[in-house]
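Results of the structural survey
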Amino acid sequence: MSRGISKALVVGIVVIIAVVIIALYYVTQAQTSRQSMHGAGVNYPITVVDYLGRNITIYSQPSTIGTVSPDCTQIIYALGFGDRVVLIDTYSEQLLKYLNVTVPSNVTTINSIYGSPPIEPIITAHPSLLCADAGFQPQLVQSVGTLSAANITVIFIGGTSNTNVTDIESDIMLMAKALGVPGKGEEVISHMNAVINYVEGKVSNEPRVTVAYISWYNPIYVAGNSSFVGYYINLAGGYDPFNGMYPTVSPSQLLTVNPDYIIADDFMGNYTATLQAILSIPGINSTDAVREGHIYVLGDFAESLIEEPGPLSVYGALLLAMILHPGAFGLNSTAIPHYISAQWVNQYVKPNLNIALGNG
């Protein structure tokens, strides 16, 4: 009897020890994951080479971050550092609102960012790291010395200079390394590739259609097949027939390619005015796009997904694929509105916050 009790006691102790060891293992794993996420264990200083070829040494993980372009903002938040942002641009703030992410009231907002954002509010906000778009903000290079003297490190990503998703992934890894979380960067890219693979799988057997992606009508600005927008059009089962990055084309060139679809920014500020502007292009009524009712105007949220080369851009590819090939997604053509509102995007495209955007 006593031996039976002793045996049970021993077994019980062994079980308790095993449970404790397993619990400690998972706690340690969780702590390691959190530490990796916030850069603990990463050996600083870190030297990275930004898009402009500049060697940048970062001596410790940035405690405060500034972002002056929406693609930078997407990357910073996707990597989990949204809670460290002290400076942001107004376009990024609007994008985050669509995604139900609130920017704290004490964060400095910059309204003008093209070419070069104003330097004074950057210095006042004093982020330890500033992310900028080399394609959209080339003039900011002239102020790097001033910002450096204020102990603000500037990193330029390729941004709107990018031509494909590989370039966008390079931007993500650049910032992930600078922030000490390369593993998180790889995770973000893995999720992006999952969305891309989904889109490609859906449209693989669909007929390729010609797309004119218009950003302005007089003169006519189009995306061009060398841009990342043209790349995503191709991925979505379309074809951008215009060479180059964001070229201007004449009405006769537009008529010659005879696009099956016209997708346009809401450049006039409302659907009716933008549609009228497009229809005012000489000869446009003879194109297949007009005759078949294939003109689609993008609201701000839809435009952001397609035209801002960050982690969320893969959802831009998904949106384009839905417009061009609705049947591949179980939709009929009447389910695609001619004005793509934020509400429609959230209902059908469903940009995934858990995958594509984190809030620190």
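Source: prediction; values computed, not measured.

Along the chain, the regular secondary structure elements total 15 helices and 14 strands. Looking at the chain as a whole, 49% of its 360 residues qualify as buried. Put simply, of all contacts in the chain between residues at least 6 apart along the chain, 65% involve residues at least 24 apart. Total accessible area on the chain is roughly 16200 Å²; 53% of this is exposed by carbon and sulfur atoms.

Their axes nearest at 7 Å, the elements helix H12 (residues 300–307) and helix H14 (residues 342–349) cross at an angle of 55°. Here H12 lies oblique to H14, going by the angle between them. Of the residues in H14, those in contact with Phe301, Ala302 and Leu305 of H12 are Ala342, Val345 and Asn346. Across the contact of H12 with H14, the residue classes break down as five nonpolar, one polar and no charged.

As a further point, take the packing of aromatic side chains. Considering all chains together, one arrives at ten aromatic pairs under this definition. Considering the side-chain rings of Tyr271 and Tyr339, the 6.3 Å spacing of their centres and the 65° angle between planes classify their relative orientation as edge-to-face. You can see Tyr271 sitting in helix H10 (residues 271–279) and its partner Tyr339 sitting in strand S14 (residues 339–340), a full 68 residues away along the chain.

Spatial ordering of the open sheet is given by S5-S4-S3-S6-S7, a layout of five strands whose pairing is parallel. The strands lining the two open edges of the sheet, one partner per strand, are strand S5 (108–110) and strand S7 (153–157). Each neighbouring strand pair of the sheet contributes to a mean axis angle of 20°, computed without reference to strand direction. In the packing of helix H2 (residues 70–78) onto the sheet, contacts are made with strand S3 (65–67), strand S4 (85–89), strand S6 (129–133) and S7, and the angle to S4 comes to roughly 150°.

The next point concerns the pairing of S4. Most of S4 sits inside the fold, with four of its five residues counted as buried. Pairing of S3 with S4 involves two bridges; the strand directions are parallel. In the sheet register, Gly66 faces S4, and the bridge partner there is Leu87. Tracing the backbone out of S3, into H2 and back to the parallel element S4 gives a crossover that is right-handed.

Right, let's talk about a nonpolar patch on the surface for a bit. On the surface, a cluster of nonpolar side chains totalling about 260 Å² of accessible area is made up of Tyr51, Leu52 and Val141. Note on placement: Tyr51 falls in the loop between strand S1 (46–49) and strand S2 (55–58). On the accessibility criterion, Tyr51 (43% relative accessible area) is partly exposed.

To continue, consider the nonpolar core. One finds Leu79, Ile155, Met175, Tyr213, Tyr232, Ile323 and Ile340 to be the most contacted residues of the largest nonpolar core, which totals 79 residues. Core analysis: the second largest hydrophobic core is formed by 18 residues, Ala212, Phe242, Ala264 and Ala289 among them.

Calculation notes
Residues numbered from 1 in each chain as written. Predicted model: local features only at pLDDT ≥ 70, side-chain atom pairs only at ≥ 80, totals over all residues. Heavy atoms only, no water. Helix = DSSP H or I, 4+ residues; strand = E, 2+ residues; numbered from the N terminus. Buried < 20%, exposed > 50% of the residue type's maximum accessible area, 1.4 Å probe, protein only. Contact = heavy atoms within 4.5 Å. Areas by Shrake-Rupley, 256 points an atom, 1.4 Å probe, with all protein chains shown as cover. Axes fitted to C-alpha atoms, helices over the stretch in contact; angles between N-to-C directions. Parallel < 35°, antiparallel > 145°, perpendicular 65-115°, else oblique. Nonpolar A, V, L, I, M, F, W, Y, C, P; charged D, E, K, R; others polar. Phe/Tyr/Trp six-rings, centres within 6.5 Å; stacked < 30°, edge-to-face > 60°. Pairing = 2+ DSSP bridges. Right-handed = clockwise from strand over helix to strand, strands pointing away. Patch = residues over 30% accessible without salt bridge, like charges linked within 9 Å, V, L, I, M, F, W, Y side chains within 5 Å. Salt bridge = Lys/Arg side-chain N within 4 Å of Asp/Glu carboxyl O. Core = buried A, V, L, I, M, F, W, Y, C linked by side-chain atoms within 4.5 Å.

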